Number of protein chains: 2
Amino acid sequence: MSNQTDPFKAGPSAAYPPPVDRLLNELAKLPGIGRRSAERLAFHVLKSAPADAAALAESIRDVKKLVRHCGICFNFTDSEVCSICADPRRDASTVLVVEQPRDLIAIESTGMYRGVYHVLMGRLSPLDGVGPDDLTIGDLMARIGDSSRNARSVEVAEVVLGMNPTLEGDGTALHLAEALASTSVKVSRLARGLPSGGQLDLASKAVLADAIEGRRSVG
Amino acid sequence: MSNQTDPFKAGPSAAYPPPVDRLLNELAKLPGIGRRSAERLAFHVLKSAPADAAALAESIRDVKKLVRHCGICFNFTDSEVCSICADPRRDASTVLVVEQPRDLIAIESTGMYRGVYHVLMGRLSPLDGVGPDDLTIGDLMARIGDSSRNARSVEVAEVVLGMNPTLEGDGTALHLAEALASTSVKVSRLARGLPSGGQLDLASKAVLADAIEGRRSVG
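On a predicted model such as this, the values are computed, not experimentally measured, just so you know. (Residues numbered from 1 in each chain as written. Chains lettered and ligands numbered in written order. Predicted model: local features only at pLDDT ≥ 70, side-chain atom pairs only at ≥ 80, totals over all residues. Heavy atoms only, no water.)

1. Things to note about the sheet that holds strand β5 (residues 158-161) of chain A
All names here are of chain A. Taken in spatial order, the four strands line up as β4-β3-β5-β6 in an open sheet, and their pairing is parallel. Either end of the sheet is taken by a strand with one partner, and the two such strands are β4 (115-119) and β6 (186-189). Adjacent strand axes in the sheet meet at a mean angle of 25 degrees when their direction is disregarded. With five bridges joining them, strand β3 (residues 91-98) and β4 adopt parallel strand pairing. The residue bridging V98 from the neighbouring strand is V119, located in β4. Of the strands in this sheet, β3 and β4 are in contact with helix α4 (residues 101-110), which crosses β4 at around 160 degrees. Helix α5 (residues 137-145) rests against β3, β4 and β5 of the sheet, and its axis sits at about 145 degrees to β4. (Pairing = 2+ DSSP bridges. Helix = DSSP H or I, 4+ residues; strand = E, 2+ residues; numbered from the N terminus. Axes fitted to C-alpha atoms, helices over the stretch in contact; angles between N-to-C directions. Contact = heavy atoms within 4.5 Å.)

2. A closer look at the environment of A:I84
Relative to the assigned elements, A:I84 resides in the loop between β2 (76-77) and β3. Counting along the chain gives 34 residues from A:I84 to A:H118, while the straight-line C-alpha distance between them is 11 Å.

3. A closer look at the layout of surface pockets
Looking at the largest pocket, its volume works out to about 750 Å³. Forming the boundary of the largest pocket are 25 residues, of which A:M163, A:P165, A:L190, A:A191 and A:R192 lie nearest the centre. Counting residues per element, the ones that place at least two in the lining of the largest pocket are α4, β5, α6 (167-181), β6 and α7 (205-213) of chain A. Of the residues forming the lining of the largest pocket, the biggest block, four residues, is contributed by α6(A). In this structure, the second largest pocket encloses a volume near 540 Å³. Around the second largest pocket, the lining comprises 26 residues; the ones closest to its centre are B:M163, B:N164, B:P165, B:A191 and B:R192. Put simply, the parts of the chain that give the lining of the second largest pocket at least two residues each are α2 (35-47) of chain A together with α5 (101-110), α7 (167-181) and α8 (205-213) of chain B. Of all the elements, α5(B) adds the most residues to the lining of the second largest pocket, at four residues. Residues that form the lining of the second largest pocket fall into these classes: 13 nonpolar, five polar and eight charged. (1 Å grid on protein atoms, 1.4 Å probe; cavity = no way out; pocket = protein on both sides within 12 Å on 5 of 7 lines; lining within 4 Å. Points joined across faces, edges and corners; volume = space filled by probe spheres on them. Nonpolar A, V, L, I, M, F, W, Y, C, P; charged D, E, K, R; others polar.)

Below, the structure is given as structure tokens:
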């Protein structure tokens, strides 16, 4: 022990240096990142090579500077119109409506769809105060009524509803189906049933009900 | 349907614009952040106010530019020596050794310790290839042997081992205790026992064993 005050008695307490605190606060604002995760990420940044940290900071700045929404379908793009709407190989008369850009990417990854999209930028959620005017539903209706507002000015013939198979997704699909009923476009929705690769005995009642209701004749 | 090719047949598939992809890749390099979390974070950045995204990018850059390790104890600091080592109110003769800066912050948050610290920057982990030379053990021994290398040139009288109560933490403490045995400093370790606020019937056998072994007489 020293001849100073007892080192195990309460005294002034120190914290992180201000730049670390600022980073912690910024990281903790991100969704799903609590104080502990923010610390883990901040320590990673502190330990990482300067070039790696610079690349991360740069990519955050760039994404805000360079990325916007497609003027037609609201997909992310770094130009006026996204690569899908601009692609002459895509069938612009078929519009698949999704909630989020990530849903679009999921469908693209199958390579099974050659039409175009419309991204709602959310789903109707009365409890969260998200109404029709908060989504891009008006823009979708405009694409149907005025072909000059659709990709490559092609007239819309079919709208495929591709919302998530959830309560809110279904509610949004219902709202869109009603709005589209007054137009001449064909309206369809993605199939429901057993998820490929899953196990029947682990499927929920709702999934099994969909699978039975949507059964197809074979042979 | 259009008079183009069937929109539901396989064709070219689109992905995120390059700046979004770059951000996803950078985020996915962070610990505990998988592809899905990276998408969630990237979409948050895309939706957030430009000023918020700029603040995040800035704080990452600043932390790398401004923060370094204390020349004495390896705590994070934005100057040569950390605020604890430089504080004349702290008892520099008592050195509490911890694995990581976050452990130091945890102890500081109690306000119960007025000594100084030494941050090992990890723990011995033979399986992960972390040996004594990968930690700041040599610097700790130098602080003990040469008071000019300790905070405010005060001689070290006591070392408190504050490793995590884990297998690797205990192994590190054992190694340090052996290294310190050849010096004249007093060596102690943090107490083990029941965690305050916990429930005895939920405590593990190891915790109960520590609590029994370390019992104190009362009255």
